[in-house]
Amino acid sequence: MKNNRLTIAAQAVKSNRQLMAGCIGVLALLVLMIAAPLISTEDPTIYGPDVLNGLGENGHILGTNHLGQDVYSMIIYGVRTSVKVAVISAMISGILGVLIGGAAGFLGGKVDVIISEIINVFMMLPTFFLILLIVALFGNSLTNVMIVIGITTWPGNAKLMRAQALSLRERVFVKSAEAMGETKRQILFKYIIPNGIFPVIANTTLGMANAILTEAGLSFLGLGDPSIISWGQMIYAGKQYITSAWWICAFSGIAIIIAVLIFYMLGDGLNKVMDPRYNKRRA
Amino acid sequence: MSEKPYVSVENISKWYPYKGDKLINHEKKFIKANDDINLSIQKGEILGVIGESGCGKSTLGKLLTRLETPTAGDCLINGVSTKELIKNDMKAFRRSVQIIFQNPFDTFTPRDTIEQILLRPLKNHNIGNSKEERRKLCIERLEEGGLVPGEDIMKRYPHELSGGQLQRISIIRAMLLDPEFIVADEPVSMLDVSVRAEIINMLLDLAKLHNTAVMFISHDIALTRYISDNIAVMYLGKVVEYGKADEVVNNPGHPYTKALISNCASIDPDDEREEISITGEPPTPLDPGPGCYFAPRCFMACEKCLKEYPDKKNLSDTHWITCMNAE
Ligand SMILES: Nc1ncnc2c1ncn2[C@@H]1O[C@H](COP(=O)(O)OP(=O)(O)O)[C@@H](O)[C@H]1O
Ligand code: SF4
Ligand SMILES: [Mg+2]
């Protein structure tokens, strides 16, 4: 029966080009993450003697920066940072959203009223400004950045999950689970969340694209974690050499765009495939 | 009525706040899905509840199984309030009171196999000592219920089974907990006509075997007559007639019951009866009354009927109606 689900998933991937491209892209990113030491030509943390080399100069495929780091190798290792930020912050956002939104929609009543208000307040907050503020206050380690992105983006997921829970709790199988003596908590985790989580998964994947952009944006403003290799920081450091050594900014910029597009296609493809109207249209 | 009732419904009401046109008139309106209902059911008895769609049958079922909380009144089991029962020991209450839903296609989560669906409550209620023992019990019950081979059914997902099979599984699952009272809410109305009789028989056989009290909800008076000991007729959230099944069908007292029976082709009464048609607006339980709720459609209605709700009138020791004009 597990096979059954796999074939359904495989069919869905095949049915939507966007989703397929997204899946292939994510696989490629995973390969780059794991095989970075093999694919890169140098250790990107080493400050070599070749400063501001151009393309192909001294064996540096994409040149070097002002500290003599190899741009190509930095971009390869930068995948790790971007994917890590994307996945962890999206997980935080997704888990918070699912739990809070699920509880609000399923429990209803006063709990729902209070949580909905909190969600609305969070949705009104200027997210990027809040992130800036928190990073400025609590320091700019990558962990902080990921946590902050997570806790400023959960309300969107919570809204989606709440709407799902509101309709699921009227379903017979939820009533029947209650009649069979299952506790509210069991019902939330066993029936509401697993049956309502798909839109949240799609939205969370889209959120990954945004997380990459947010991390890059923070780095660009000089609020990134200085102890790691990240595309945003490459642009930040490279922007003063934009006229003399354009390759530092250009290739890291392209890397960001590609990574964002991959997660965007995956998220948007998932959204389309899981929309019930999509399958009807095709049938 | 010397025997103490097993289930006793005392002045139970369920009013839903009405959310429409509040801006136009500011008074708060209610949908009186159930309004001041009194009934009782003995151990092992089958009570049929009939009435048109929307008259509050499912609401009554949900109140008795505490899937909804009553606005007023209570339901007692063995003289103890179900409110207390569920507060003191939720699991024990759920074991003793079960419900079969109208829609078998939505009764089970689409993500689980029948095996997972059946094993879960057993584990939750600590029935059986090991997974193997529980599996064996499930397969045994499935096969007793005509679902063979049980091993094979256990591996299926709900969407792979027919409505009849699913409803059997729903009954089997409820019976695994060995309930003392079971509400069957139109259990066959969504099923193919050809399987209805078997499913009802299965339910009633199991109930008889375990001496389970059954509240059988239906809109089919002919069917209900044959399987029930007593019948309650509901109209707009109220019970308007109650009595032994034969009494109610052969000698209906309330004009609404009379109309129901005369419109029912499959009951041919001994004497010729003229057909009584129900006319007027289809009813909504939105702030009904004052007066008899049936008055706008009643062929016997008079001036007085519009003023106050009729009192209960006994036609015999076991048969009563709420109508002021019937004799
Ligand atoms: N959750 C609810 N909120 C508001 N109105 C409801 C709700 N559930 C049922 N009702 C209303 O109560 C009345 C009785 O419904 P129900 O008990 O399902 O009737 P039946 O099962 O006899 O068809 C209907 O008018 C229905 O619209
Ligand atoms: S009380 Fe009046 S309106 Fe109501 S059922 Fe009897 S005759 Fe009809
Ligand atoms: Mg109903």
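Keep in mind the model is a prediction, meaning the values are calculated, not measured. (Residues numbered from 1 in each chain as written. Chains lettered and ligands numbered in written order. Predicted model: local features only at pLDDT ≥ 70, side-chain atom pairs only at ≥ 80, totals over all residues. Heavy atoms only, no water.)

*Asks:* Teacher, can you tell me more about the pattern of salt bridges here?
*Replies:* Proximity of charged atoms lets side chains of opposite charge pair with each other. Taken as a whole and assessed by the stated rule, the structure comprises 18 salt bridges over all chains. One salt bridge in this structure joins A:E170 and A:R169, with 3.7 Å as the shortest N-O distance. Salt bridges sharing common partners tie together B:E115, B:R135 and B:E151. (Salt bridge = Lys/Arg side-chain N within 4 Å of Asp/Glu carboxyl O.)

*Asks:* I tried to follow the site of ligand 1 on my own but got confused; where do I start?
*Replies:* All names here are of chain B. Around ligand 1, a shell composed of 12 residues is seen, among which G54, G56, K57, S58 and T59 lie nearest. The contact in question runs from an oxygen atom of ligand 1 to an N or O atom on the backbone of G56, over 3.1 Å. At 2.5 Å from an oxygen atom of ligand 1 is found a side-chain nitrogen or oxygen belonging to T59. Relative to its free-state accessible area of 560 Å², ligand 1 is covered by the protein chains to the extent of 65%. Sorting the residues of the shell around ligand 1 by element identifies strand 2 (30-41) and helix 1 (57-64) as the ones contributing at least two each. At three residues, helix 1 tops the list of elements feeding residues into the shell around ligand 1. In the shell around ligand 1, the residues fall into five nonpolar, five polar and two charged. (Near = heavy atom within 4 Å. Polar contact = N/O pair within 3.5 Å; in protein donor to acceptor, adjacent residues only side chain to side chain. Areas by Shrake-Rupley, 256 points an atom, 1.4 Å probe, with all protein chains shown as cover. Helix = DSSP H or I, 4+ residues; strand = E, 2+ residues; numbered from the N terminus. Nonpolar A, V, L, I, M, F, W, Y, C, P; charged D, E, K, R; others polar.)

*Asks:* Looking at this model, I keep getting lost on the sheet that holds strand 6 (residues 97-100) of chain B. Mind explaining?
*Replies:* For sheets, the rule is that strands pair by backbone hydrogen bonds, running either parallel or antiparallel. Residue and element names in this part refer to chain B. Taken in spatial order, the eight strands make up an open sheet running 6-7-8-3-9-10-12-11, and their pairing is mixed. If you trace the sheet from one side to the other, it starts and ends with strand 6 and strand 11 (312-316), each paired once. Within the sheet, the average angular offset between the axes of one strand and its neighbour, ignoring direction, is 20°. As paired strands, strand 11 and strand 12 (residues 319-322) are joined by four bridges and run antiparallel to one another. (Pairing = 2+ DSSP bridges. Axes fitted to C-alpha atoms, helices over the stretch in contact; angles between N-to-C directions.)

*Asks:* Looking at this model, I keep getting lost on the site of ligand 2. Mind explaining?
*Replies:* As a matter of local geometry, ligand 2 sits amid 13 residues, with B:C292, B:C298, B:C305, B:C323 and B:M324 nearest to it. Classifying every residue of the shell around ligand 2 gives 11 nonpolar, two polar and no charged.

*Asks:* Looking at this structure, I do not really get the side chain of B:S218. What am I missing?
*Replies:* All names here are of chain B. Relative to the helices and strands, S218 is located in strand 8 (residues 213-218). Judged by its relative accessible area of 6%, S218 is buried. A polar side-chain atom of S218 sits 3.5 Å from a polar atom in the side chain of T224. Look past the residues within four positions of S218 in its chain and what remains in contact with it is V49, I50, G51, K57, E186, L223 and T224. (Buried < 20%, exposed > 50% of the residue type's maximum accessible area, 1.4 Å probe, protein only. Contact = heavy atoms within 4.5 Å.)

*Asks:* Explanation requested: the interface of chain B and chain A in the structure shown.
*Replies:* Many descriptions give the size of an interface as the accessible area lost when the pieces come together. The partner chain A presents 20 residues to the 27 residues of chain B that form the contact. Three residues, B:D106, B:R111 and B:R120, lead the burial of chain B against chain A; their summed loss comes to 29% of the area buried on that side. Summed over the shared surface of chain B and chain A, the number is four salt bridges. Of the charged contacts in the structure, one is a salt bridge between B:R120 and A:E182, with a shortest N-O distance of 2.8 Å. Linking chain B with chain A are 13 residue pairs in polar contact (both at pLDDT 80 or more). Sorting the residues of the side of chain B that touches chain A by element identifies helix 3 (90-96), strand 6 and helix 4 (114-124) of chain B as the ones contributing at least two each. Within the side of chain B that touches chain A, the residues separate by chemical class into 10 nonpolar, six polar and 11 charged. (Buried area = accessible area lost by both parts, 1.4 Å probe.)

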